[in-house]
Amino acid sequence: MTSDPNSRRIAVLISGRGTNLQSLIDATRDKRLDATIAVVISNRADAGGLERARRAGIETLVLDHRGWPSREDYDRAIAGELRARHVHLVCLAGFMRRFSDVMLEAFPNAILNIHPSLLPAFPGLHPHRQALEHGVKVSGVTVHLVTSDLDAGPIVVQRSVPVLADDTPDTLAARILVEEHKAYPEAVSIVLAGGWRVDGRRFLRSTTDAGV
Ligand code: GRF
């Protein structure tokens with residue numbers, strides 16, 4: 001269970017540039033986050049985030065999903081690598097693959113994802129464009145536990161930003177990204193600290209959410 005406060009070994013899974021990975025690396029280095037990044041796994045060999053991990057002296061693995069016959073086989077391979085490194089919490093940071101039940105059952109309530117919208121608004125692809133097209137005045141970032149439903153698991157942390165009249169998807173993404181880099185270390189810290197439970201859809205912390 002992720003609420004075991006003694007285990008602080010995390011993995012970060014990426015597919016791209018890895019700025020959220022960097023925020024977790026920086027937070028562990030600055031002691032804002034009491035965790036060890038045991039391994040960074042990418043499904044793409046050209047993910048820029050791999051270089052960030054190497055620079056920080058973190059082990060990297062490339063597991064190309066095309067090398068396995070099924071989603072389940074790929075998930076079994078990832079779960080095996082994570083277990084071999086005694087990883088307790090899996091942090092998806094721009095990892096562009098969906099997990100099957102194999103990973104969800106291997107890491108129950110122990111996989112986090114970050115999504116650049118205030119879920120449940122605008123799940124899936126192109127959330128910034130979706131937000132602008134919908135005309136919302138506020139958007140933001142959500143860090144949530146991963147379940148079998150896309151971008152729909154219990155919410156650990158959200159941070160909001162204004163949406164401005166002249167925003168493009170890129171300007172909105174840049175404003176949200178600043179908050180992403182605060183939200184992910186905060187969420188990982190909360191989860192690793194333990195003392196929380198999931199009640200239906202709700203992630204409840206016993207200290208701050210008592211009686212809620
Ligand atoms: C972030 O916007 C994250 O919320 C989304 O994918 C993007 C990854 O960016 N899931 P980066 O690779 O962490 O810079």
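That block above? That's the structure.
Per-chain numbering applies: the sequence of each chain, read as written, is numbered from 1 onward. Where local features are concerned, this predicted model is filtered to residues with pLDDT of at least 70; where side-chain atom pairs are given and counted, the filter is 80 or more; whole-chain, interface and lining totals use all residues. The basis for every side-chain value is the complete set of heavy atoms in the structure, and neither hydrogens nor water enter the calculation.

Comments concerning the pattern of salt bridges
Here comes step 1: In the sections that follow, a salt bridge refers to a side-chain nitrogen of Lys or Arg positioned within 4 Å of a carboxyl oxygen of Asp or Glu. The tally for this structure, following the rule as stated, stands at 13 salt bridges.
Here comes step 2: Its salt-bridge partner being glutamate 179, residue lysine 182 comes within 3.2 Å of it at the nearest N-O pair. Placement of both lysine 182 and glutamate 179 in helix α6 (residues 169-193) is noted, with a separation of three residues, approximately one turn of the helix.
Here comes step 3: Here the residues in one salt-bridge network are Arg159, Glu179, Lys182 and Glu186, joined through shared partners. Under the scheme used here, helices are H or I runs from DSSP no shorter than 4 residues and strands are E runs no shorter than 2 residues, and both carry numbers assigned from the N terminus.

Regarding the environment of glycine 57
Here comes step 1: If you trace the backbone, glycine 57 turns up in the loop between α2 (49-55) and β3 (60-62).
Here comes step 2: Expressed as a C-alpha distance, the spacing of glycine 57 and leucine 192, which sit 135 residues apart in the sequence, is 22 Å.

Considering the layout of surface pockets
Here comes step 1: Computed from the structure, the largest pocket encloses a volume of approximately 1100 Å³.
Here comes step 2: Lining the largest pocket are 37 residues, with Gly94, Met96, Ile114, His115 and Pro116 sitting closest to its centre.
Here comes step 3: Broken down by secondary-structure element, the contributors of at least two residues to the lining of the largest pocket are α1 (19-29), β5 (111-115), α5 (127-134) and α6.
Here comes step 4: Tallying contributions element by element places α6 first for the lining of the largest pocket, with six residues. Cavities and pockets were defined on a 1 Å grid built over protein atoms only: a cavity is a set of grid points that admits a 1.4 Å probe from which the probe cannot escape, a pocket is an open set flanked by protein on both sides within 12 Å along at least five of seven lines, and lining residues are those with an atom within 4 Å of any such point. Grid points are joined across faces, edges and corners, and a volume is the space filled by probe spheres set on the points.

Digging into the sheet that holds β3
Here comes step 1: Two strands pair if DSSP finds at least two bridges between them. On the basis of which strands lie adjacent, the open sheet formed by seven strands has the order β3-β2-β1-β4-β5-β6-β7 and mixed pairing. The open sheet is flanked by β3 and β7 (155-162), the only strands paired with a single partner. Taken pair by pair, the neighbouring strands of this sheet meet at an average axis angle of 20°, ignoring direction.
Here comes step 2: As paired strands, strand β2 (residues 36-42) and β3 are joined by three bridges and run parallel to one another. If you follow isoleucine 41 over to β3, its bridge partner there is leucine 61.
Here comes step 3: In this description, contact between two residues means that some pair of their heavy atoms is separated by no more than 4.5 Å. Between N-to-C directions, angles span 0 to 180 degrees; the directions come from axes that are lines fitted to C-alpha atoms, helices contributing only their stretch in contact. Across the face of the sheet, α1 comes into contact with β1 (9-14), β2, β4 (89-92) and β5 while running at roughly 165° to β2.

Remarks on unusual backbone geometry
Here comes step 1: Residue leucine 119 is joined to proline 120 through a cis peptide bond whose omega torsion reads 15°.
Here comes step 2: Tracing the backbone shows proline 120 in the loop between β5 and α5.
Here comes step 3: Positive phi outside glycine occurs at lysine 31, with the angle close to 65°.
Here comes step 4: You can see lysine 31 is positioned in the loop between α1 and β2.
Here comes step 5: For every residue, the accessible area obtained with a 1.4 Å probe (protein chains only) is divided by the maximum for its type, and the residue is called buried under 20%, exposed over 50%, and partly exposed between those limits. On the basis of relative accessibility, which here comes to 73%, the residue lysine 31 falls in the exposed class.
Here comes step 6: If you check the backbone angles, phenylalanine 122 has positive phi at about 60° while not being a glycine.
Here comes step 7: Relative to the assigned elements, phenylalanine 122 resides in the loop between β5 and α5.

Side note on the pairing of strand β9 (residues 202-205)
Here comes step 1: The sheet contact formed by strand β8 (residues 196-199) and β9 spans four bridges and is antiparallel. Across the sheet, residue aspartate 199 finds its bridge partner in β9, namely arginine 202.
Here comes step 2: Connecting β8 to the next strand, β9, in antiparallel fashion are two residues, including glycine 200 with a positive phi near 65°.

Some details on the packing of aromatic side chains
Here comes step 1: Ring geometry is summarised as follows: Phe, Tyr and Trp rings, the Trp one being its six-membered ring, pair when their centres sit within 6.5 Å, and such pairs are stacked at plane angles under 30 degrees, edge-to-face over 60 and tilted between the two. One pass over the full model with this rule turns up three aromatic pairs.
Here comes step 2: A ring pair is formed by phenylalanine 95 and phenylalanine 99, whose centres lie 5.8 Å apart and whose planes are at 40°; its orientation type is tilted. Here phenylalanine 95 and phenylalanine 99 have matching classes, each one buried.
Here comes step 3: Relative to phenylalanine 203, the ring of tryptophan 196 has its centre 4.8 Å away and its plane inclined at 25°; by these criteria the two rings are stacked.
Here comes step 4: A relative accessible area of 8% places tryptophan 196 in the buried class.
Here comes step 5: Judged by relative accessible area, phenylalanine 203 falls into the buried class, the value being 7%.

What to know about the site of the ligand
Here comes step 1: Close to the ligand lie Arg17, Gly18, Thr19, Asn20, Gly94, Ile114, His115, Pro116 and Glu180, which account for all nearby residues.
Here comes step 2: At a separation of 2.8 Å, an oxygen atom of the ligand approaches a polar backbone atom of glycine 18.
Here comes step 3: Within the side chain of threonine 19, a nitrogen or oxygen atom sits 2.6 Å from an oxygen atom of the ligand.
Here comes step 4: Bound to the protein, the ligand loses 84% of the 370 Å² it would expose on its own.
Here comes step 5: Spatially, the ligand is embedded in the largest pocket.
Here comes step 6: Taken together, the elements giving at least two residues each to the shell around the ligand come down to α1 and β5.
Here comes step 7: When grouped by side-chain class, the residues that make up the shell around the ligand number two nonpolar, five polar and two charged. For this description, a residue counts as near a given molecule or strand if any of its non-hydrogen atoms is within 4 Å of it. Polar contacts, as used here, are pairs of N or O atoms within 3.5 Å; protein pairs need one atom able to donate a hydrogen and one able to accept it. Residues neighboring in sequence count only if both atoms are side-chain atoms. Computed with the Shrake-Rupley method and a 1.4 Å probe, the accessible areas treat only the protein chains shown as cover for residues. To qualify as sitting in a cavity or pocket, a molecule needs more than half of its atoms within 2 Å of the grid points. Put simply, Ala, Val, Leu, Ile, Met, Phe, Trp, Tyr, Cys and Pro go in the nonpolar bin, Asp, Glu, Lys and Arg in the charged bin, and everything else, Gly too, in the polar bin.

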